[in-house]
Amino acid sequence: MTDGTAKDAQEVALERARNFPRHWLADVLASDGGVVHLRPIVPEDADKLVEFHGKLSERTRYLRYFGPYPTMSKRDIVNFTTVDHHNRVAFVAILGDEIIAVGRYERLLDVGDGRSAEVAFVVADSHQGRGLGPILLEHLAGAAAENGLNMFVAEVLAENRNMVSVFREAGYQVSRSFDGGVLRLEFAIDPTEALLSVRNSRERAAEARSVRNVLSPRSVAVIGASTDSSKVGNAVLANLLQGNFSGPVYPVNAEHRSVRGVRAYPTVRDIPDDVDLAVVAVPAESIDSVLDDCLTKGVKALVVVSAGFGETGPDGRDSERRLVHAARAHGMRLIGPNALGVANNDVTVSLNATLAPVLPKPGRVGFFCQSGALGIAILDQAAKRQLGLSTFVSAGNRADVSGNDLLQYWDTDPDTEVVLLYLESFGNPRKFSRIARRVARHKPIVAVKSGRHAVPPALAATGVEMDDSIVRSLFEQAGVVQVGSISQLFDCAMLFGYQPLPAGPRVAVVGNSTALGVLAADAARREGLQVGEPVDLGAQATPDVFASAVSRALASFDVDAVIAVFAPPVAVAVEPYAQALREAVVDTDKPILTSFLAAEGIPDVLVVRGPDGHPTRGSVPSFPGPERAALALARAWRYAAWRGRPVSKVVRPNGIDPDRARGLVKGWLGESNGRWLSDFEAAQLLECYGVHVVEFRAATTEHEAVAAADELGYPVAVKATGELWRHRPDLGGVRLDLVGPDSVRLAYRDLAAASGEPLLHVQKMATKGIGCVVGVQDDPSFGSLISFGLAGVISDLLGDRAFRVLPLTEDEAAELIDAPKAAPLLSGYRSAVPVNKQALVDLVQRVSALADDLPEVRSLACEPVLASAEGAQVTDSRVRIGPEPSMADLGPRRLREW
């Protein structure tokens with residue numbers, strides 16, 4: 001090779017090394033909740049790599065390289081930093097501007113089929129124990145799978161127990177062999193249930209820890225702590241001090257030596273002690289310098305109450321993006337910007353880092369609020385209704401920390417029994433569904449989702465806005481109790497927070513007014529509850545009579561819950577009735593709700609106080625009217641029924657070939673940004689998952705049409721293929737039940753003339769049945785949604801479609817078929833023959849598996865599917881493929897992307 005040729009080859013290698021797949025960039029959470037940036041190595045990392053290697057201890061270098069390796073040769077530096085991102089891949093973990101870990105694999109071209117690679121990584125001594133090894137392994141395995149590898153090999157010194165445990169505890173099925181003091185490990189990198197379980201468990205622990213860093217800091221700095229009482233920095237500092245925060249509070253103010261009588265410091269770096277949490281209240285344009293100071297100081301998390309970011313428009317949106325990137329690059333999680341703040345009512349913490357001067361009393365309810373503007377009003381209403389909070393987070397623009405992170409934290413928080421969410425947008429709904437399903441199995445989640453039109457366009461751009469029916473389906477599938485207003489949110493919180501769940505739908509209504517009792521009973525029946533005749537005690541009933549009647553109802557084996565209603569007669573004191581009711585319901589295991597109509601002095605909770613003096617379990621929620629009590633109870637029953645069902649699992653259908661399907665999609669996609677598949681390609685793809693499209697042929701002449709019909713066998717159908725004619729029976733684009741060549745010729749002639757297109761399809765007639773639609777629609781956050789409904793203009797007009805998040809469990813597949821309002825037609829409505837619904841369930845399970853396996857499938861429709869007693873036959877299908885969405889909740893762990 002000539003010098004010129006060698007130089008050209010070197011330039012090509014360098015250029016290839018710089019052009020890595022952009023979706024491999026990721027911000028990840030270490031096990032201690034700190035953020036680390038992960039990216040492929042590039043040649044420009046040479047100096048950083050040398051610096052990283054030089055800081056490794058002799059012991060770490062020995063364990064990684066099996067011997068002394070004090071310095072890296074120039075050749076090794078070039079080799080390690082110049083990779084092709086295919087056969088040789090390397091990731092670096094970056095904190096600030098330093099490399100803190102390196103992981104790599106090299107394909108073993110001379111071993112087996114060339115689909116295995118040797119993997120290794122090393123972590124800086126000061127960052128060992130932060131879980132960076134498993135994170136590197138996950139991302140290397142993801143890159144390897146993209147490059148066609150299926151096996152990793154690792155050679156580890158037997159004494160390197162930490163490295164051995166990384167592989168052993170990752171969820172892989174590892175085989176091992178010894179050669180002297182070297183342990184050789186081999187494992188397949190294909191995702192398994194065990195692998196996903198480990199990944200999700202580590203993700204949960206890291207995200208919970210990152211939130212704990214925010215909510216349980218040992219010290220807090222208020223950056224921008226102003227001496228002006230009208231400024232937000234002054235308000236936050238005042239609330240921290242008045243709330244008796246358990247640790248030190250450090251005002252940061254460059255112009256004053258003290259603020260509110262507390263010594264101030266010019267910068268965070270000047271504070272002599274450690275700082276865990278920084279509350280930032282400086283103008284948006286001044287935040288960059290603050291971040292550098294926080295990194296130097298080792299701050300773990302930021303709460304940015306400053307406004308002037310994404311809520312102001314495109315320029316603010318760019319500033320917000322830079323803020324998130326900078327905070328994460330400095331290893332910190334971010335609440336906000338434009339946040340109201342965070343609070344923790346744990347007496348060992350007593351954190352009020354919010355703009356709200358008064359917090360509700362301590363309790364067992366965790367509250368996440370996306371809106372900063374509504375936050376103060378919400379906290380005020382919670383306090384008035386005596387709803388105790390464990391923790392509160394107002395995320396403002398939700399640029400980093402979101403409701404998903406808080407769910408991970410509350411999942412294992414012993415001080416939180418009920419979760420409340422006020423959401424304006426979703427960051428990653430698919431991940432929300434996965435987490436919420438798990439949390440809701442043991443803690444109620446109550447959510448209010450504001451509508452699309454209630455959100456300013458600039459703020460709506462921060463997340464994925466979805467049709468209300470999709471949101472409703474998402475919540476139902478995940479066991480989340482959806483409510484329509486803040487007052488309903490608190491109604492459910494009062495019931496869940498103080499009363500047990502109902503064991504069934506049977507409700508007794510007890511009261512002293514016939515009209516009020518009937519009103520309560522009617523409201524309960526409208527919500528699907530079962531109610532007998534209301535017990536009317538009469539206006540003259542004494543407190544003891546009232547309490548005894550409630551006790552008898554609670555003791556009845558035919559009653560699962562009691563609604564007690566009371567309308568005070570003139571000049572009758574109400575408190576004795578409330579007190580009698582409190583005493584009557586002590587130690588009951590059935591929920592009791594009350595409505596003291598037009599009664600002054602009766603609080604929203606008939607309080608039973610715990611040892612700390614705060615309302616506790618057994619307190620009785622009181623509602624302004626029986627309708628609201630009935631609505632809250634009905635929601636509690638539906639939630640209890642969902643929670644009582646056995647956990648259903650995702651079952652892979654038999655007879656599928658995902659490897660063949662992936663190969664087909666990869667070949668069809670090529671270098672393009674996506675396209676619609678032809679009808680024959682779509683049928684071929686569906687066939688890989690056992691979904692058979694009724695056999696058809698293409699015809700461009702009458703002769704071809706007749707030949708196709710003869711080959712398929714009569715009767716046949718002839719269909720126009722243009723987009724305008726698909727699924728439009730009103731346009732007459734199909735001819736059915738053609739039984740001979742003459743009728744096929746006539747049908748072809750008519751349709752070719754009407755459509756203006758010579759290409760038609762001739763298809764074997766399917767069994768007559770009810771037309772249905774099975775679809776998959778792309779969503780960059782969900783990955784994909786699967787939908788089901790009945791075909792036809794009426795269903796389209798009314799939007800009668802049911803949606804579910806993928807992947808579907810066995811039970812969810814069956815529920816999806818029964819979910820549309822028109823679904824009773826499938827069960828034999830008005831003595832019609834029922835269809836084979838199990839065939840439809842099997843079909844949606846197969847489509848679910850296809851869409852979950854192939855994220856490149858951006859849109860899919862099987863329409864119509866003819867459902868009959870014999871089965872379900874797909875007569876037409878459309879599939880659009882494109883590049884894999886970057887925000888799907890799949891693959892290695894990573895924080896939400898910007």
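Coordinates for the structure precede this section.
Here goes a summary of the coordinates provided. (Residues numbered from 1 in each chain as written. Predicted model: local features only at pLDDT ≥ 70, side-chain atom pairs only at ≥ 80, totals over all residues. Heavy atoms only, no water.)

Concerning the overall build of the chain
Part 1: Counting its regular elements, the chain contains 27 helices and 40 strands.
Part 2: For 898 residues, the compact-globule estimate of 2.2 N^0.38 gives 29 Å, and the C-alpha radius of gyration of the chain, at 32 Å, lies within 12% of that figure.
Part 3: In terms of overall dimensions, the chain has a C-alpha envelope of 100 × 85 × 55 Å along the principal axes.
Part 4: Residues classed as buried in the chain amount to 55% of the 898 residues present.
Part 5: Sequence separation of at least 24 residues holds for 72% of the intrachain contacts in the chain that already meet a minimum separation of 6.
Part 6: Accessible surface for the chain amounts to roughly 37,800 Å². Of this, 53% is attributable to carbon and sulfur atoms.
Part 7: Within the chain, one finds 94 positive and 110 negative side-chain charges whose respective centroids are separated by 2 Å. (Helix = DSSP H or I, 4+ residues; strand = E, 2+ residues; numbered from the N terminus. Rg over C-alpha atoms; globule rule 2.2 N^0.38 Å. Buried < 20%, exposed > 50% of the residue type's maximum accessible area, 1.4 Å probe, protein only. Contact = heavy atoms within 4.5 Å. Areas by Shrake-Rupley, 256 points an atom, 1.4 Å probe, with all protein chains shown as cover. Lys, Arg positive; Asp, Glu negative; His and termini not counted. Charge placed at Lys NZ, Arg CZ, Asp CG, Glu CD.)

Structural notes on the packing of aromatic side chains
Part 1: The tally for this structure, following the rule as stated, stands at 18 aromatic pairs.
Part 2: Judged by centre distance (6.4 Å) and plane angle (20°), the ring pair of Y639 and W642 falls under stacked. Of the two residues, Y639 and W642 both sit in helix α20 (residues 626-644), three residues apart, roughly one turn of that helix. As far as the burial class goes, Y639 and W642 line up, both buried.
Part 3: Of the aromatic side chains, those joined through ring pairs into one cluster are Y105, F121, F152, F167, Y172 and F187.
Part 4: Of note, R441 hangs over the ring of W642, and the distance from its end group to the ring centre comes to 4.1 Å. (Phe/Tyr/Trp six-rings, centres within 6.5 Å; stacked < 30°, edge-to-face > 60°. Lys NZ or Arg CZ within 6 Å of the ring centre and 35° of its normal.)

Observations concerning the sheet that holds strand β10 (residues 249-252)
Part 1: Ordered in space as β10-β9-β13-β14-β15, the five strands form an open sheet in which the pairing is parallel. Sheet topology places β10 and β15 (333-335) at the edges, where each strand pairs with a single neighbour. Here the average twist between neighbouring strands, direction ignored, is 20°.
Part 2: With three bridges joining them, strand β14 (residues 301-304) and β15 adopt parallel strand pairing. From the neighbouring strand, V303 faces β15, where its bridge partner is I335. (Pairing = 2+ DSSP bridges. Axes fitted to C-alpha atoms, helices over the stretch in contact; angles between N-to-C directions.)

Description of the pattern of salt bridges
Part 1: Scanning all chains against the criterion turns up 47 salt bridges.
Part 2: As a salt-bridge pair, E203 and R434 come within 2.9 Å of each other at their nearest N and O atoms. Within this pair, whereas E203 is found in helix α7 (residues 193-215), its partner R434 is found in helix α13 (residues 429-439), the two being separated by 231 residues in sequence. Pair check on accessibility: E203 and R434 agree, each one buried.
Part 3: Across the salt bridge formed by D796 and R801, the nearest N and O atoms sit 2.6 Å from each other.
Part 4: Using a relative accessible area of 19% as the deciding quantity, one classes R801 as buried.
Part 5: Counted as one network, the salt bridges with shared partners bring together D27, R328, R333, D400 and D405. (Salt bridge = Lys/Arg side-chain N within 4 Å of Asp/Glu carboxyl O.)

Details of the pairing of strand β19 (residues 389-394)
Part 1: Most of β19 sits out of view: six of its six residues are buried.
Part 2: Of the pairings in the sheet, the one linking strand β16 (residues 341-344) to β19 comprises four bridges and is antiparallel in character. Directly across from G341, in β19, lies its bridge partner S394.
Part 3: Where strand β18 (residues 362-369) and β19 come together, six bridges link them in parallel fashion.

Some details on the pairing of β16
Side chains on a regular strand alternate between the two faces of the sheet.
Part 1: The alternating pattern of β16 places G341 and A343 on one face and V342 and N344 on the opposite face, and all of these are buried.
Part 2: With four bridges joining them, β16 and strand β17 (residues 351-354) adopt antiparallel strand pairing. Its bridge partner being in β17, N344 is matched across the sheet by L351.
Part 3: Hairpin geometry of β16 and β17 is characterised by an intervening segment of six residues between the two adjacent antiparallel strands and by a positive phi of about 50° at S350.

Quick look at the environment of H325
Part 1: With respect to the secondary-structure elements, H325 resides in helix α10 (residues 314-329).
Part 2: Residue H325 is classed as partly exposed on the basis of its relative accessible area of 40%.
Part 3: C-alpha separation for the pair H325 and K431, spaced 106 residues apart in sequence, amounts to 21 Å.

Description of the environment of I100
Part 1: Residue position: I100 is located in strand β4 (residues 98-107).
Part 2: Among the residues examined, I100 registers a relative accessible area of 2% and is labelled buried.
Part 3: Along the chain, I100 and A281 lie 181 residues apart, while their C-alpha atoms are 31 Å from each other.
Part 4: In contact with I100, not counting residues within four places along its chain, are V36, F52, A93, L95, V123, A124, H127, R130 and L132.

What to know about the packing of helix α23 (residues 702-712) against helix α24 (residues 741-755)
Angle between the axes and distance between the axes are the two parameters that describe a pair of packed helices.
Part 1: Direction vectors running N to C along α23 and α24 enclose 135°, while the axes themselves pass 9 Å from each other. Between α23 and α24, the interaxial angle falls into the category oblique. The chirality of how α23 crosses α24 is right-handed. Residues E702, A705, V706, A709 and D710 of α23 lie in contact with α24, whose contacting residues are P741, V744, R745, Y748 and R749.
Part 2: Of the residues in the contact of α23 with α24, the class split is six nonpolar, no polar and four charged. (Parallel < 35°, antiparallel > 145°, perpendicular 65-115°, else oblique. Left-handed = near helix turned anticlockwise from the far one by under 90°. Nonpolar A, V, L, I, M, F, W, Y, C, P; charged D, E, K, R; others polar.)

Points about the sheet that holds strand β22 (residues 481-483)
Part 1: Pairing in this open sheet of seven strands is mixed, and the strands run β17-β16-β19-β18-β20-β21-β22 from one edge to the other. Two strands lie at the open edges of the sheet, namely β17 and β22, each paired on one side alone. Each strand of the sheet is rotated relative to its neighbour by a mean of 20°, with strand direction disregarded.

Comments concerning the side chain of D45
Part 1: Among the secondary structure elements, D45 is positioned in the loop between β2 (35-40) and α2 (46-55).
Part 2: Only 2.7 Å separates the side chain of D45 from the side chain of R39, close enough to count as a polar contact.
Part 3: For D45, the contacting residues outside a window of four places in its chain are R39, P40, T81, V92 and I99. (Polar contact = N/O pair within 3.5 Å; in protein donor to acceptor, adjacent residues only side chain to side chain.)

Concerning the nonpolar core
A general feature of soluble globular proteins is that nonpolar side chains tend to end up buried together.
Part 1: Counting 104 residues, the largest nonpolar core has L240, V342, F367, L420, L421 and I445 as the members making the most contacts within it.
Part 2: For this core, the element with the highest residue contribution is helix α16 (residues 486-498), accounting for nine residues.
Part 3: Beyond its immediate sequence surroundings of up to four residues, F367 is in contact with I378, L389, T391, F392, V393, W410, L420, Y422, L489 and F490.
Part 4: Counting 48 residues, the second-largest nonpolar core is a separate cluster that includes A682, L685, C862 and I881. (Core = buried A, V, L, I, M, F, W, Y, C linked by side-chain atoms within 4.5 Å.)

Observations regarding unusual backbone geometry
Part 1: With an omega of 0°, the peptide bond between Y714 and P715 qualifies as cis.
Part 2: Its location among the elements puts P715 in the loop between α23 and β32 (716-720).
Part 3: Cis geometry is found at the peptide bond from L806 to P807, where omega equals -5°.
Part 4: With respect to the helices and strands, the residue P807 is situated in the loop between β37 (801-805) and α26 (810-818).
Part 5: Within the chain, R260 stands out as a residue other than glycine whose phi angle is a positive 55°.
Part 6: Structurally, R260 can be placed in the loop between β11 (258-259) and β12 (262-263).
Part 7: The phi angle at D737 is positive, at roughly 55°, despite the residue not being glycine.
Part 8: With respect to the secondary-structure elements, D737 resides in strand β33 (residues 734-738).

With respect to a nonpolar patch on the surface
Part 1: A cluster of nonpolar side chains, namely V793, I794, L797 and L798, defines an oily patch on the protein surface of about 490 Å² accessible area.
Part 2: By the element assignment, L797 lies in helix α25 (residues 793-798).
Part 3: When its relative accessible area of 69% is taken as the criterion, L797 is described as exposed. (Patch = residues over 30% accessible without salt bridge, like charges linked within 9 Å, V, L, I, M, F, W, Y side chains within 5 Å.)

Describing the packing of helix α17 (residues 514-526) against α20
Part 1: One can describe the packing of α17 onto α20 by two numbers: an axis separation of 8 Å at closest approach and a directional angle of 30°. When the axes of α17 and α20 are compared, the pair comes out roughly parallel. Crossing hand, α17 versus α20: right-handed. On α20, the residues touching L516, L519, A520, A523, A524 and R526 of α17 are P626, E627 and A630.
Part 2: A breakdown of the residues in the contact of α17 with α20 according to their chemical character gives seven nonpolar, no polar and two charged.

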